[in-house]
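Residue strings, one per chain:
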Amino acid sequence: MRTLLLHFRSTDYGTTYQKLNEKVGAKTILSYLYVSPNNKRKIMLLTDPEVENSLLISTDEGATYQKYRLSFYVLSLLFHPQQEDWILAYSHDQKCQPLILSSSHPLILSSSQPLIISSSHPLIISSSQPLIISSSHPPILSSKMGVDKEAGLIHLETSVSDTQALYITCKLQNCSEGNKGKPFPGYIDPNSLVVQDEYVFVQVTTGGRTIYYVSSQRDVFTPMKLPKYTLPKDLHVISTDEKRVVAAVQEWNQNDTFNLYVSESGGVYYTLALENVMSSMGPEGNVMIDLYEVAGIKGMFLANKKQESQVKTYITYNKGRDWRLLQAPHVDLRGNSIHCMLPYCSLHLHLHVSANPYTSGNIASKESAPGIIMASGSIGAELSSSNVSMYITSDAGNTWRQIFDEEYSVLYLDQGGALVAIRHTPLPIRHLWLSFDEGRLWNKYSFTSSPLFVDGVLGEPGEETLIMTIFGHVSHRSEWQLVKIDFRSIFNRRCTDGDYQTWHLQNQGETCLMGVKRIYRKLKSVARCVMGKTHSVTVISEPCDCTESDFECYRKVVSNNCTGGVVDLYTARRQPCPRQAPRGLHLVTSDATLTATVNSNVTFMVFLEEGSGSRTTIMLDFGNGNTISYSNISTVEDGIRHVYRSVGIYRVAATARNDLGAETVLLYLHVTCPLEHIHLSAPFVAVKSKEVNLTAVLWPSQVGTVTYIWWLGNNSEPVITLDGSVAFTFSREGINVVTVQVSAGNIILQDRKTIAVHEYFKSHLLAFSSNLDEHNPDVAEWRLDVSRVIRNSMVQATGQDREQLLVTVLPGLPTTAEFFLLPDKQVTEGKPKKTTQHLDELSEMVLGALNQNLVQFTFRPGVQITVYAAHLSAVPLVDTSEKHSGSAMLMLLSGVVLGLAVFVIYKFKSVLPLQPFPMPLHPLCPYNPTPEPPSNLTPNSTPNPPPPASPFPLPSRSSAPEGFTLCVIVILSSRKIPGLSIYAQMQNEKEQEMIQSPVGPAVDATVAVATAAVAPAAVTAAAILPVQPQQQKQKQPRPPRELVVTTSSLEPLDTAHKAHSIGECGECGLKLEDTTRSGSTVGSRSRSS
């Protein structure tokens, strides 16, 4: 349902109204009305875009209109503060169009592309960068004549992210990327840009500490110098008039109060003016400070200060140089004496100003009525919210009078010549009060016959006339009622010179305030006449001799106009500034972070607080062997860019130097590569109370600074390490979940594994018919599903209890698996010997079913899979029987003879130099521990020399003797690889077999290089291995898996279950195979070496 908005126009102060909808067309539906702030005669109306998308413009106060069609939907219009023909329109789709109104072209759309804009506030930004605009400040900060170099310049804060923004300037007519200025180098905090008069303020938060910068006269930005150990956590600019900044600062030990500071003309150095000024939160979440600047009298402020848990009101006449309490009235409203003695008792005022233009706040003063202040407050030791009354002063706060014993809304009429008071109450009213003598006498008037709920009061057109409009409603369900009140009939003449008197501004008898005596021309309190619109306040100023009170911190208070006296004693003498050594050097990145991504631009910003900038050189060492120098610090205002090609932590050093000294500042930059994938390597089954190695494998392997967070077992607190592996002992049997989170830069990835913990178990490897490999995608989810199917098939074939059998499919191809047998504790009673016997019986039963091909399952219709017991160890070098097998000894002897033959042939041939096999890393994220080549050379840059040639050149194939082929076997590791363990089999007696850990100590695999230069025939003969007789009776499994040497790093993940080919020589036919899978064991897996 659409709400129809009706707009009315009155030209006789609200006596009669005419409907605007009839002037623009009967079918035209109006949505919004705008009045130009620079020309009250210019009015604009927006139509409902769903019916007619048009803009109507009137230049004669709404008497006539011209209609213009719009090609885009306008959400709102915004007027330029000075240029009445400049308007900014923005719409729901966040596209912004500048509109230019002129006499020759009534409506001209900008020829530039639509600008991307935030829906929260219509700020102009570049059309090429879709940035979001901050929304808590005035939408357009326009240029100031005499300060900004270009007319029509606007100041904008564009948001880059939730924590970063940019301060840019551009001309409204052309705000493209190439025409934008960047007065402040680097990023600023969002919602921190303030442009007031000749000052610009921004703030930058780095490392949890905020630095506030100020620019005066659009000059360079300088950190604001507050007293030492101030440590502000919030700062608000209160005033910037008369070439001085008044700032409210909340310090580290304050919660609901602020300290007031005042600056010198440059806005850089600050002096404490008043401590512990009260603050509160406004209705929109903004901070409201109990500080009120009195209108009409420069340098006069009122503030509520918290003092020993009590809130008291203080007043100053010299911009915070001196403060005092307010003297309470001597009598109350009924003439009774008030006994209130300073400093124990005083008058305290509520200082909140209303944000609603149609209602008055707790306090009011006007430029046209100097010295008259009306406010609500209380009398006593502190400010109270109960027993609130209305008070007025007509001599600028020296004496006060009580005028009402309840809260009233007070308005000024006829330039302050008349005061109107309306009771502030939620109840309906029908009376108001009027005073012509600065609140000394009040007359009661009725403005309506029936009581009205008052919503607001509007002066037409302001305090210059004697006509006002009260609007409200008779009941909560009724429409608004407008009541026009014309006070002109009360006055019968205009004011003459005889109706005025002189009034001297003073502070408890002291007439020299801010270095001058000020004499005002005011209306006499007994005169009942109309001052009219032409009245202006007349002030006569006479300078005073300077005294100590006119100075602060050995400088004259800003805007103080005293002369003579002690001015020579306190006035600073101009002296030539001595040359200074560099001091206060700052080095930051443009985004105020200490991290960067490899192969991306990093912009370093260099600031110098003190020192001769034009004669100070800057040298920046990027920490990777590259340096760059500048002869003048002003040449690096836009920053210094550099690209890092390798992951690492770089020590970046900036040095400022002149002939008087030098200063160096360091920055440690973490250059990272995005982490893409992690994998947790962990055993499927672990033994209770025995240490287990857990390893997190990263891809790419080098990503920079990494933190590992381990959630082990049922522990509620994580273990945080900088190493990618940990050792952990599970103290209880059952299913345990291990989770590792890897934090690299702003990326956090995690992997999780489930580990079954038991005190005793027996394991064996499984193989499958080759047709299963055709359907193996080698993903974790597939392996988990097939493991369940295999387990169910083995339970059905053997009749074993499901809880005593665990199965896991191992990664890689060909497809293999491992099953684990768990003892029945009711049968074994927890005794080792019974457990051993029980597990042997279970193992024989399961292996018998496997050897008879009884374990099968249907993978899909037509695909039948047979499960075998894997026999990968054809020549066990560790005998499992008490009597040595003759065939085993024969094979061992054959192997030794073959090895000696190879060694003899090798010794009589020429020795060939070898080079260790390199391990390449992620192609996009190289790790280069040596200095990089220069990325941006300058005349002052010094590149690194090229790395020396390797002393081990890789030989060419032609250098080998004829008829022989070189085979290189490399084991790539120089440290312990957790998760890769070699397990030994205990054979002597049954008790010794009941060891509790499947994980033996990891072996340090040092870099080894083996060579074999043999004839092809000899290699072929060596590759033929006999098979044990009992394996020949079974169905022959497929050939054992070949582990091919890859150039990636050794992954600990599940590699304890993989068959790795340590080396391969394609031409000579020799393939060295990892035959580490063997028969069953108790308590630990048996592995052949």
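Not measured: the values here are computed from a predicted model.

Caption draft 1: Broad picture of the overall build of the chain. Of regular secondary structure, the chain possesses nine helices and 72 strands. Here the chain holds 1089 residues, and 45% of them are scored as buried. Once local pairs closer than 6 in sequence are excluded, the contacts in the chain between residues at least 24 apart make up 52%. When the accessible surface of the chain is totalled, it reaches about 56000 Å², and 53% of it is carbon and sulfur.

Caption draft 2: Just the environment of Ser159, in detail. Along the chain, Ser159 falls in strand β14 (residues 153-159). Assessed through its relative accessible area of 11%, Ser159 is described here as buried. Once the C-alpha coordinates of Ser159 and Tyr187 are considered, the two residues, 28 residues apart in sequence, prove to be 9.4 Å apart. A distance of 3.0 Å separates a polar atom in the side chain of Ser159 from the backbone oxygen of Ser161.

Caption draft 3: Local environment of the pairing of strand β17 (residues 199-206). Two elements, strand β16 (residues 194-196) and β17, share three bridges in a ladder whose sense is antiparallel. Bridge assignment links Val194 to a residue of β17, and that residue is Phe201. In sequence, β16 turns back onto β17 through a hairpin of two residues, with Asp197 there showing a positive phi of about 55 degrees. Strand direction decides the pairing type here: β17 and strand β18 (residues 209-216), joined by eight bridges, are antiparallel. Its bridge partner being in β18, Val204 is matched across the sheet by Ile211. In textbook terms, the turn of a hairpin is the stretch between consecutive antiparallel strands, and for β17 and β18 this stretch comprises two residues, one of which, Gly207, has a positive phi near 60 degrees.

Caption draft 4: Region of interest: the packing of aromatic side chains. Taken as a whole and judged by the stated rule, the model has 18 aromatic pairs. With a centroid separation of 4.5 Å and 40 degrees between ring planes, the pair formed by Tyr644 and Tyr650 is classed as tilted. The exposure class assigned to Tyr644 is buried, which follows from its relative accessible area of 1%. Since its relative accessible area comes to 7%, Tyr650 is described here as buried.

Caption draft 5: Seen up close, the confidence of the model for the chain. For the chain, per-residue confidence averages 74 on the pLDDT scale, and 72% of positions sit at 70 or higher. The secondary structure element of the chain with the lowest average pLDDT is strand β12 (residues 132-133), at 29, and the one with the highest is strand β29 (residues 346-349), at 97. Taken together, the stretch residues 906-924 has pLDDT below 50 and engages in 34 contacts with residues farther than four places along the chain or on a different chain. In this model, residues 928-1089 is a region of pLDDT below 50 whose contacts with residues beyond four sequence positions or in other chains number 305 contacts.

Caption draft 6: Spotlight on the sheet that holds strand β52 (residues 640-643). Judged by pairing direction, the sheet is antiparallel, and its three strands sit side by side in the order β47-β49-β52 without closing on themselves. Every other strand in the sheet has two partners, leaving β47 (583-589) and β52 as the edge strands with one partner each. The sheet shows a mean angle of 25 degrees between the axes of neighbouring strands, direction not considered. The pairing of β47 with strand β49 (residues 601-610) spans six bridges and is antiparallel. Among the inter-strand pairings, Leu587 is bridged to a residue of β49, identified as Val606.

Caption draft 7: Spotlight on the sheet that holds strand β3 (residues 30-35). Here we have four strands laid out as an open sheet, ordered β3-β4-β5-β6, and antiparallel in their pairing. Of all strands in the sheet, those with a lone pairing partner are β3 and β6 (66-69), marking the two edges. Across the sheet, the mean angle from the axis of one strand to that of its neighbour is 20 degrees, orientation sign disregarded. Where β3 and strand β4 (residues 43-47) come together, five bridges link them in antiparallel fashion.

Caption draft 8: Here's a closer look at unusual backbone geometry. Between Leu342 and Pro343 the backbone carries a cis peptide bond, its omega angle lying at 0 degrees. Locating Pro343 in the fold gives a position in the loop between β28 (324-325) and β29. Going from Leu813 to Pro814, the amide bond is cis rather than trans, its omega being -5 degrees. A positive phi angle, close to 60 degrees, is found at Glu61, a residue other than glycine. With respect to the helices, strands and loops of the structure, Glu61 is situated in the loop between β5 (54-58) and β6.

Caption draft 9: Just the nonpolar core, in detail. Of all hydrophobic cores here, the largest spans 27 residues; its most connected members are Leu766, Phe768, Ile790, Met794, Phe819 and Leu850. Listed by contribution, the elements that provide at least two residues to this core are β63 (762-768), α3 (780-798), β64 (805-809), β65 (816-821), α5 (832-851) and β67 (863-869). Counting 26 residues, the second largest nonpolar core, distinct from the first, contains Val647, Ala656, Leu667 and Val671.

Caption draft 10: Highlighting the pattern of salt bridges. The tally for this structure, following the rule as stated, stands at 19 salt bridges. Taking the shortest distance from any N to any O, the salt bridge between Lys522 and Glu438 comes out at 3.5 Å. Residue Lys522 is found in strand β43 (residues 516-523), and its partner Glu438 is found in the loop between β36 (431-435) and β37 (443-446); the two are separated by 84 residues along the sequence. Accessibility assignment for this pair places Lys522 and Glu438 in one class, buried. We note a salt bridge from Asp486 to Arg488, for which the minimum N-O separation is 2.6 Å. Judged by relative accessible area, Arg488 falls into the partly exposed class, the value being 46%. Three or more residues are tied together by salt bridges with common partners; here these are Glu52, Lys67 and Arg69.

Caption draft 11: Structural context of a nonpolar patch on the surface. Taken together, the side chains of Phe8, Tyr17 and Leu482 present a nonpolar region at the surface, about 320 Å² in accessible area. Within the secondary structure layout, Phe8 lies in strand β1 (residues 8-9). Since its relative accessible area comes to 46%, Phe8 is described here as partly exposed.

Caption draft 12: Just the side chain of Gln250, in detail. By the element assignment, Gln250 lies in strand β21 (residues 246-251). For Gln250, the side chain forms a polar contact with the main-chain oxygen of Asn255, separated by 2.7 Å. When near neighbours in sequence (up to four residues on either side) are disregarded, Gln250 contacts Pro232, Lys233, Asp234, Asn255, Asp256, Thr257 and Phe258.

Caption draft 13: Representation of α3 in the model. Across its 19 residues, α3 extends 27 Å between first and last C-alpha, which sits within 8% of the 27 Å expected from 1.5 Å per residue. Buried within α3 we find Trp782, Arg783, Val786, Ser787, Ile790, Arg791, Ser793, Met794, Val795 and Thr798. Buried residues along α3 sit against β63, β64, β65, α5 and β66 (856-860). Gly799 sits one or two residues past α3 and shows a positive phi near 75 degrees.

Caption draft 14: Quick peek at the state of the cysteines. Inspection of the entire model under this criterion finds four disulfides. Sulfur-sulfur distance for the disulfide between Cys340 and Cys345 comes to 1.9 Å. Since a negative S-S torsion denotes a left-handed disulfide, the Cys340-Cys345 link at about -105 degrees is left-handed. By relative accessible area, Cys345 is classed as buried at 14%. In this model, Cys546 is linked to Cys562 through a disulfide, with the two sulfur atoms separated by 2.0 Å. Residues Cys546 and Cys562 share a disulfide whose torsion about the S-S bond is about 95 degrees; that sign makes it right-handed.

Caption draft 15: Focus on α5. Compared with the 28 Å implied by 1.5 Å per residue over 20 residues, the 28 Å span of α5 between its first and last C-alpha is a close match. When we look at burial in α5, the residues that qualify are Thr835, Thr836, His838, Leu839, Asp840, Leu842, Ser843, Val846, Leu847, Ala849 and Leu850.

Caption draft 16: How the structure looks around the side chain of Glu818. With respect to the helices and strands, the residue Glu818 is situated in strand β65. A polar contact of 3.3 Å, which involves the side chain of Glu818, links it to the side chain of Ser763.

Caption draft 17: Examining the environment of Glu548 more closely. For Glu548, the position within the fold is in the loop between β44 (539-543) and β45 (551-552). Other than its neighbours up to four places away in sequence, Glu548 contacts Arg321, Val566 and Tyr570.

Caption draft 18: Broad picture of the pairing of β5. Within β5, five of the five residues are buried, which leaves it mostly tucked inside the rest of the structure. Sheet topology places β4 next to β5; four bridges connect them, and they run antiparallel. By the bridge assignment for β5, Leu46 is matched with Leu55. Count of turn residues in the β4/β5 antiparallel hairpin: six residues.

Caption draft 19: Geometry of the environment of Leu660. Locating Leu660 in the fold gives a position in the loop between β53 (648-658) and β54 (661-672). Residue Leu660 is classed as partly exposed on the basis of its relative accessible area of 46%. For the pair formed by Leu660 and Pro582, sequence separation is 78 residues and the distance between their alpha carbons is 8.0 Å. Among all residues touching Leu660, those that are not within four sequence positions of it are Arg579, Gln580 and Ala581.

Parameters at a glance
Residues numbered from 1 in each chain as written. Predicted model: local features only at pLDDT ≥ 70, side-chain atom pairs only at ≥ 80, totals over all residues. Heavy atoms only, no water. Helix = DSSP H or I, 4+ residues; strand = E, 2+ residues; numbered from the N terminus. Buried < 20%, exposed > 50% of the residue type's maximum accessible area, 1.4 Å probe, protein only. Contact = heavy atoms within 4.5 Å. Areas by Shrake-Rupley, 256 points an atom, 1.4 Å probe, with all protein chains shown as cover. Polar contact = N/O pair within 3.5 Å; in protein donor to acceptor, adjacent residues only side chain to side chain. Pairing = 2+ DSSP bridges. Phe/Tyr/Trp six-rings, centres within 6.5 Å; stacked < 30°, edge-to-face > 60°. pLDDT = per-residue confidence, 0-100. Axes fitted to C-alpha atoms, helices over the stretch in contact; angles between N-to-C directions. Core = buried A, V, L, I, M, F, W, Y, C linked by side-chain atoms within 4.5 Å. Salt bridge = Lys/Arg side-chain N within 4 Å of Asp/Glu carboxyl O. Patch = residues over 30% accessible without salt bridge, like charges linked within 9 Å, V, L, I, M, F, W, Y side chains within 5 Å. Expected span 1.5 Å × (residues − 1). Disulfide = S-S within 2.5 Å.

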